[in-house]
2 protein chains.
Amino acid sequence: MIVPGGKAVRLAESLGAMLGESNVINSRDALEPYGKDEGSCPLHLPHLVVKPASLEQVQSVLKEAASAGVPVTPRGRGTGLAGGAVPVRGGMVLSLERMDRIVEVDEANLSVVVEPGVIVQDLHRAVESRGLFYPPDPASLDSCSIGGNIAVNAGGPRAAKYGITRHYVLGVEAVLAGGQAIRHGRKTIKNTTGYSLTHHLIGSEGTLGVITRATLRLVPLPPVRVDLLAPFPEVAAAARAVGRIVRGERVVPAALEFMDQASIRAAATFLEREVPFLDAAAHLLIQLDGKDGDAVLAQSEQVGEICLEEGASDVLVATGSHAQERMWAARRAILEAVKRLSHHSDFLDVAVPLGRIPEFLDRADRAASGAGLSLANWGHAADGNIHVAIHRREQCPGWLEAAGQLTDRIYAAARDLGGVIASEHGIGWLKRKALAASLDPEALALMRRVKQAFDPGGLLNPDKVLP
Amino acid sequence: MIVPGGKAVRLAESLGAMLGESNVINSRDALEPYGKDEGSCPLHLPHLVVKPASLEQVQSVLKEAASAGVPVTPRGRGTGLAGGAVPVRGGMVLSLERMDRIVEVDEANLSVVVEPGVIVQDLHRAVESRGLFYPPDPASLDSCSIGGNIAVNAGGPRAAKYGITRHYVLGVEAVLAGGQAIRHGRKTIKNTTGYSLTHHLIGSEGTLGVITRATLRLVPLPPVRVDLLAPFPEVAAAARAVGRIVRGERVVPAALEFMDQASIRAAATFLEREVPFLDAAAHLLIQLDGKDGDAVLAQSEQVGEICLEEGASDVLVATGSHAQERMWAARRAILEAVKRLSHHSDFLDVAVPLGRIPEFLDRADRAASGAGLSLANWGHAADGNIHVAIHRREQCPGWLEAAGQLTDRIYAAARDLGGVIASEHGIGWLKRKALAASLDPEALALMRRVKQAFDPGGLLNPDKVLP
């Protein structure tokens with residue numbers, strides 16, 4: 001479907017009158033940043049970008065778009081990796097960037113009300129200054145929006161202990177494709193008032209509705225945090241340590257991050273500074289937290305001992321926030337860093353059941369060797385979520401095709417091992433075909449009927465999620 | 001809609017041939033237990049009851065029912081309180097009682113695979129014997145099924161710390177009204193492979209599909225548990241203690257149960273044994289748990305101190321499982337006990353934001369006094385979920401109407417205070433009208449379209465949930 005330019009011009013005029021001209025963009029240069037995200041989706045320019053500032057404005061914009069028959073791509077801060085916010089059919093980008101208020105931090109009721117454009121780190125700071133905690137922490141937290149986090153059901157390192165975005169969303173206000181506002185959920189953990197429209201919308205990547213406000217559950221901020229960094233001479237030793245910590249001793253770390261050598265080195269190059277234990281085959285970065293200082297320290301000693309027994313060459317301990325930030329810098333930089341490894345910057349986002357991680361890494365490595373390609377692997381070892389970047393050792397003309405085939409083999413490995421091809425980055429546009437191979441036809445048909453129930457005209461974020 | 005008896009007879013014959021005659025019931029006496037639940041929904045006899053034993057049998061049953069145009073009411077163990085499993089249109093009850101296998105406790109991957117008819121307590125025992133923990137613990141756990149728990153998104157005392165059923169369901173296998181099997185979810189916490197059909201089905205009370213298998217997430221069993229029982233001379237003092245524990249000190253108890261005097265006395269009468277502190281205006285029953293014994297003990301001392309400072313006349317401490325069971329006996333008996341208070345045995349199941357509990361109790365009590373009726377209040381003070389039983393002081397002809405009006409006033413109070421009218425017992429048949437008053441018309445219209453997407457013929461658990 002091509003959107004005729006004339007429609008977009010008329011729409012820009014009527015919406016400009018409604019939202020103010022500065023909030024409606026249709027000049028080529030200004031459109032360009034809205035035609036991509038942080039992943040490898042090709043540029044697709046929208047015909048116009050609109051920036052509403054209220055529920056009512058979002059409703060008006062969607063009504064106008066529906067009556068003009070123009071497709072609408074909702075967008076948070078554009079930090080997605082799967083093309084979910086890229087307007088692949090042109091039409092309108094509905095940017096939520098101006099709806100960025102933290103409406104209320106409700107200490108008495110352990111909750112917060114936010115608009116979708118709030119940056120996740122700003123949310124963290126606002127609640128942590130009051131001793132409260134919103135745990136989900138995607139690596140892009142300094143630039144991604146809470147609306148986008150809800151749209152992809154974002155995770156992050158703390159998911160194994162604290163859960164994912166879905167576990168913290170108590171309710172949403174959203175606008176459907178026709179402009180109808182719906183509300184579901186209150187400031188209560190328990191709620192069985194009809195079908196959970198809240199949970200229907202979480203993870204739907206802007207294809208079912210545009211979230212304009214969300215009520216999130218908070219928990220007390222754990223006052224004690226200890227971080228450990230353990231370098232291992234081989235990946236298998238790190239995997240054994242993970243197994244003993246999580247499954248043997250049944251410790252529940254706040255985070256248990258895994259980085260292989262390629263990831264660590266890429267981060268060091270990107271950060272342009274010294275990163276400790278650069279020659280290790282793998283790092284584990286482990287965070288333990290809690291209310292009781294002695295208990296957290298005792299547990300971190302236990303975890304450190306296990307790492308050493310399994311072959312870690314050292315264990316660094318960080319207890320102050322400055323040292324902790326330094327320890328996490330390499331981990332947080334990996335995503336940007338591996339993009340520099342080659343111009344092909346697709347990151348896989350698979351998850352496998354916990355106990356299958358070593359087998360998965362082994363299969364992925366063997367597949368890469370067979371294809372003459374290299375991998376960087378990193379991720380969340382306590383919840384089985386592994387990110388994989390495929391890169392090339394040297395120039396080679398057919399390598400993108402080879403990378404595509406390798407991707408398919410890695411997805412097949414994840415599925416064979418009881419895992420999934422998409423964990424916390426969503427399906428967006430890039431992974432629709434891989435999704436099709438992961439779903440039963442009946443499940444896919446049902447998802448299409450759900451889409452139809454929410455968006456009968458098919459104008460909301462078309463060509464996303466469903467293949 | 002009345003199901004003609006002839007249809008049911010023919011269906012009983014064909015299904016009897018398929019499932020074995022003993023698994024198809026259509027004699028009046030044997031049907032009767034399937035015509036009610038544990039709540040106040042009037043008896044509605046089904047025309048037949050079928051008891052499939054496998055996914056394939058459930059598929060066949062639903063296909064036959066669809067082609068005969070017979071409504072189907074799925075049923076776990078019939079312990080619901082809102083009429084969700086009562087066949088209000090007659091037709092067929094599809095009982096999952098024979099599908100009661102714990103298919104796999106997967107220690108390595110912290111998960112368990114169950115059939116829907118498994119009794120929740122059996123699930124608890126199976127995983128706890130291996131040091132693992134499935135936290136949701138509705139009061140009926142010794143008789144309710146996990147399938148029913150998923151269908152109503154059940155909660156229980158441990159929800160404030162550990163979350164509700166929804167937070168533990170990783171995936172489901174289900175059969176749609178036409179007999180199509182769908183599968184969604186694997187043994188991973190993170191999963192963004194398309195719309196979460198798992199979360200669409202959770203809480204849908206058998207109106208969207210019949211769950212035939214579920215994969216549940218487990219966490220390590222906290223090895224240390226301490227229970228405290230604190231009697232208070234007035235409800236306001238107990239409420240102050242709750243506020244200081246949860247909001248002031250930000251302790252996260254594994255359970256923080258509230259019982260008013262009417263509830264405690266009803267439990268004592270029902271149990272026919274001595275219950276301590278029978279004259280107290282309210283009891284708090286508080287459970288603290290964790291991995292570190294010293295930390296849990298220190299926290300329980302702190303919590304006990306707070307209770308005493310706020311006016312508790314005593315604090316009993318139980319650390320062994322026998323003493324703990326005794327301490328919980330009264331709490332677990334309340335539901336059955338308050339049924340004996342009068343033949344009208346509707347339990348309200350509201351939730352309000354944490355900080356609004358005292359205001360809610362106050363409004364409910366004033367409304368009851370105005371109506372000349374009595375209340376028993378009990379529930380989960382750490383997550384705002386309060387159960388209310390309305391009962392009568394003496395014989396009075398119009399009292400059921402008065403109780404209905406009082407219910408409406410209590411629902412209005414919950415809504416005014418930012419709460420919900422249904423928290424963990426579902427909507428079923430009894431609360432459909434109250435649900436209608438709680439939802440925006442647009443949200444309700446959308447829920448109807450979702451129902452249509454899953455069950456276009458409208459034969460699956462008709463007249464439930466949606467008004």
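Cut-offs and rules
- Residues numbered from 1 in each chain as written.
- Chains lettered and ligands numbered in written order.
- Predicted model: local features only at pLDDT ≥ 70, side-chain atom pairs only at ≥ 80, totals over all residues.
- Heavy atoms only, no water.
- Helix = DSSP H or I, 4+ residues; strand = E, 2+ residues; numbered from the N terminus.
- Rg over C-alpha atoms; globule rule 2.2 N^0.38 Å.
- Buried < 20%, exposed > 50% of the residue type's maximum accessible area, 1.4 Å probe, protein only.
- Contact = heavy atoms within 4.5 Å.
- Areas by Shrake-Rupley, 256 points an atom, 1.4 Å probe, with all protein chains shown as cover.
- Lys, Arg positive; Asp, Glu negative; His and termini not counted.
- Charge placed at Lys NZ, Arg CZ, Asp CG, Glu CD.
- Axes fitted to C-alpha atoms, helices over the stretch in contact; angles between N-to-C directions.
- Parallel < 35°, antiparallel > 145°, perpendicular 65-115°, else oblique.
- Left-handed = near helix turned anticlockwise from the far one by under 90°.
- Nonpolar A, V, L, I, M, F, W, Y, C, P; charged D, E, K, R; others polar.
- Pairing = 2+ DSSP bridges.

A. Structural context of the overall build of chain A. Counting its regular elements, chain A contains 15 helices and 18 strands. For 467 residues, the compact-globule estimate of 2.2 N^0.38 gives 23 Å, and chain A sits close to it at 22 Å. On the principal axes, the C-alpha backbone points of chain A span a range of 70 × 60 × 45 Å. Within the span of chain A, comprising 467 residues, buried residues form 62% of the whole. In chain A, the proportion of contacts linking residues at least 24 apart, taken out of those at least 6 apart, comes to 71%. Carbon and sulfur atoms form 49% of the exposed surface of chain A, whose accessible area is close to 16100 Å². A gap of 6 Å separates the mean positions of the 49 positive and 53 negative side-chain charges of chain A.

B. Layout of the packing of helix 12 (residues 357–371) of chain B against helix 13 (residues 399–416) of chain B. Residues and elements named next belong to chain B. Two numbers describe how helix 12 lies on helix 13: the axes approach to 10 Å, and their chain directions differ by 160°. Between helix 12 and helix 13, the angle falls in the class roughly antiparallel. Along this stretch, helix 12 crosses helix 13, giving a crossing that reads as right-handed. From helix 12, Phe360, Arg363, Ala364, Ala367, Ala368 and Ala371 reach across to helix 13, where they touch Leu406, Arg409, Ile410, Ala412, Ala413, Ala414 and Asp416. The residue inventory of the contact of helix 12 with helix 13, partitioned by class, reads 10 nonpolar, no polar and 3 charged.

C. Here's a closer look at the sheet that holds strand 18 (residues 385–391) of chain B. Residue and element names in this part refer to chain B. Taken together, the 7 strands give an open sheet; going across it, the order is 15-12-14-13-17-18-16, and neighbouring strands pair in antiparallel fashion. In this open sheet, the two strands that pair with only one neighbour each are strand 15 (316–318) and strand 16 (347–351). Strand-to-strand twist in this sheet, taken as the mean axis angle between neighbours without regard to direction, amounts to 15°. Helix-sheet contacts for helix 8 (residues 235–248) involve strand 12 (224–232), strand 13 (255–260) and strand 14 (282–290), and the interaxial angle to strand 14 is about 20°. Where helix 10 (residues 293–309) meets the sheet, it contacts strand 12 and strand 14, and its direction lies at approximately 5° from that of strand 12.

D. Inspection of the pairing of strand 4 (residues 92–95) of chain A at higher detail. Residues and elements named next belong to chain A. Side-chain alternation along strand 4 places Met92 and Leu94 on one buried face and Val93 and Ser95 on a second face that is also buried. Bridging between strand 2 (residues 48–50) and strand 4 involves 3 bridges; their strand directions are parallel. Bridge pairing in strand 4 links Val49 to Val93. Judged from the 4 bridges that link them, strand 3 (residues 72–75) and strand 4 form a sheet pairing that is parallel. Within the sheet, the bridge partner assigned to Thr73 lies in strand 4 and is Val93.

E. Summary view of the sheet that holds strand 2 of chain A. All names here are of chain A. Read from one edge to the other, the open sheet built from 4 strands follows the order 1-2-4-3, with strand pairing classed as mixed. Each edge of the open sheet carries a strand with a single partner, namely strand 1 (24–25) and strand 3. Set on the sheet, helix 3 (residues 55–68) makes contact with strand 2, strand 3 and strand 4; between it and strand 4 the angle comes to about 170°.

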